[in-house]
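# Topology and contacts: notes
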Amino acid sequence: MSEDAGSFRTMFIFSPPEGAPQGWGLTFPSFADALRAKEPGTVVEAWSGHYTGETLSFQFRTSSGEINEGMMGVEPNGVAIEDCTATEAADFAGWLQQAIVPTDSGLMVNIREGVEWELPLVELRSGTLAELEQCLVEHVDQVLRHEEEQLG
């Protein structure tokens, strides 16, 4: 593989389990409030696009100090964080599990390349930051291997 899955930068897309598109009960105000509780003054902006519909864009500061851009949608519920590594995405996923995802729901993930190849979502179980990171690195590795096989 030409690129190490641990250092590969891409968009990570998080959503409730399939069949429960409103499973998190997300609203723009509730998501913005949760972000501001983590980091007061964080940048949050609602906008509407012809293809994307109503979207909330935001910035998320990881525990290492890295600032990543993201976007959130209500219908269906989902959140994406852009241009980040599995480590940064694991930090974001941990925050999602603590602040956003209801205890009776789940957290699914894919990366942009996985969506493009129409690969299935992967469930992220609650765990330590290291366990979340390992799961995300494994998913990135599987997607990159699939892409490599398809492109030859």
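This text follows the structure it describes.
Residues numbered from 1 in each chain as written. Predicted model: local features only at pLDDT ≥ 70, side-chain atom pairs only at ≥ 80, totals over all residues. Heavy atoms only, no water.

The tally for this structure, following the rule as stated, stands at seven aromatic pairs. Both rings, one in Phe31 and one in Trp95, keep their centres 5.7 Å apart while their planes meet at 85°; by these two values the pair is edge-to-face. With Phe31 in helix H1 (residues 28-38) and Trp95 in helix H2 (residues 86-99), the pair connects residues that are 64 residues apart, well separated along the chain. Residue classification places Phe31 among the buried residues on the basis of a relative accessible area of 0%. Among the aromatic side chains, those forming a connected cluster through ring pairs are Phe14, Phe31, Phe58, Phe60, Phe92 and Trp95. Positioned over the ring face of Phe60 is Lys38, at 4.4 Å from the centre of the ring. (Phe/Tyr/Trp six-rings, centres within 6.5 Å; stacked < 30°, edge-to-face > 60°. Helix = DSSP H or I, 4+ residues; strand = E, 2+ residues; numbered from the N terminus. Buried < 20%, exposed > 50% of the residue type's maximum accessible area, 1.4 Å probe, protein only. Lys NZ or Arg CZ within 6 Å of the ring centre and 35° of its normal.)

Spanning 23 residues, helix H4 (residues 129-151) covers 33 Å between terminal C-alpha atoms, matching the ideal 33 Å at 1.5 Å per step. Listing the buried residues of H4 in full gives Leu132, Leu136, His139, Val140, Val143 and Leu144. For H4, the elements touching its buried residues are strand S1 (10-15), H2, strand S6 (108-111), helix H3 (112-116) and strand S7 (122-123). In the segment just after H4, Gly152 is the residue with positive phi, at about 75°. (Expected span 1.5 Å × (residues − 1). Contact = heavy atoms within 4.5 Å.)

Turning our eyes to something else, we now look at the state of the cysteines. Under the defined criterion, the tally for this structure stands at zero disulfides. Cysteine Cys84 is unpaired, with the sulfur of Cys135 as its nearest cysteine sulfur at 14 Å. Look at Cys84 and you get buried, because its relative accessible area is 0%. (Disulfide = S-S within 2.5 Å.)

Quick look at the environment of Arg36 now. Take Arg36: it is sitting in helix H1. The sequence separation of Arg36 and Thr85 amounts to 49 residues, and the corresponding C-alpha distance is 23 Å. Residues within four places of Arg36 in sequence aside, it is in contact with Thr42 and Val44.

If you walk through the whole model with that rule in mind, you get five salt bridges. Two residues, Arg9 and Asp83, come together in a salt bridge whose shortest N-O distance is 3.3 Å. Of this pair, Arg9 sits in the segment before S1 while Asp83 sits in strand S5 (residues 78-84), and the two are 74 residues apart along the sequence. Assessed through its relative accessible area of 33%, Arg9 is described here as partly exposed. The partly exposed category is assigned to Asp83, whose relative accessible area is 48%. Across the pair Arg61 and Glu39 runs a salt bridge, and its minimum N-O distance is 3.0 Å. Taken as a pair, Arg61 in strand S3 (residues 53-61) and Glu39 in the loop between H1 and strand S2 (44-49) lie far apart in primary sequence, 22 residues in all. The class of Glu39 is partly exposed, set by a relative accessible area of 22%. One connected set of salt bridges, linked through shared partners, spans Arg9, Asp83 and Glu88. (Salt bridge = Lys/Arg side-chain N within 4 Å of Asp/Glu carboxyl O.)

In this structure, strand S4 (residues 67-73) lies alongside S5, joined through four bridges in antiparallel fashion. When the bridges of S5 are listed, Met71 appears paired with Ala80. Joining the antiparallel neighbours S4 and S5 is a turn of four residues. (Pairing = 2+ DSSP bridges.)

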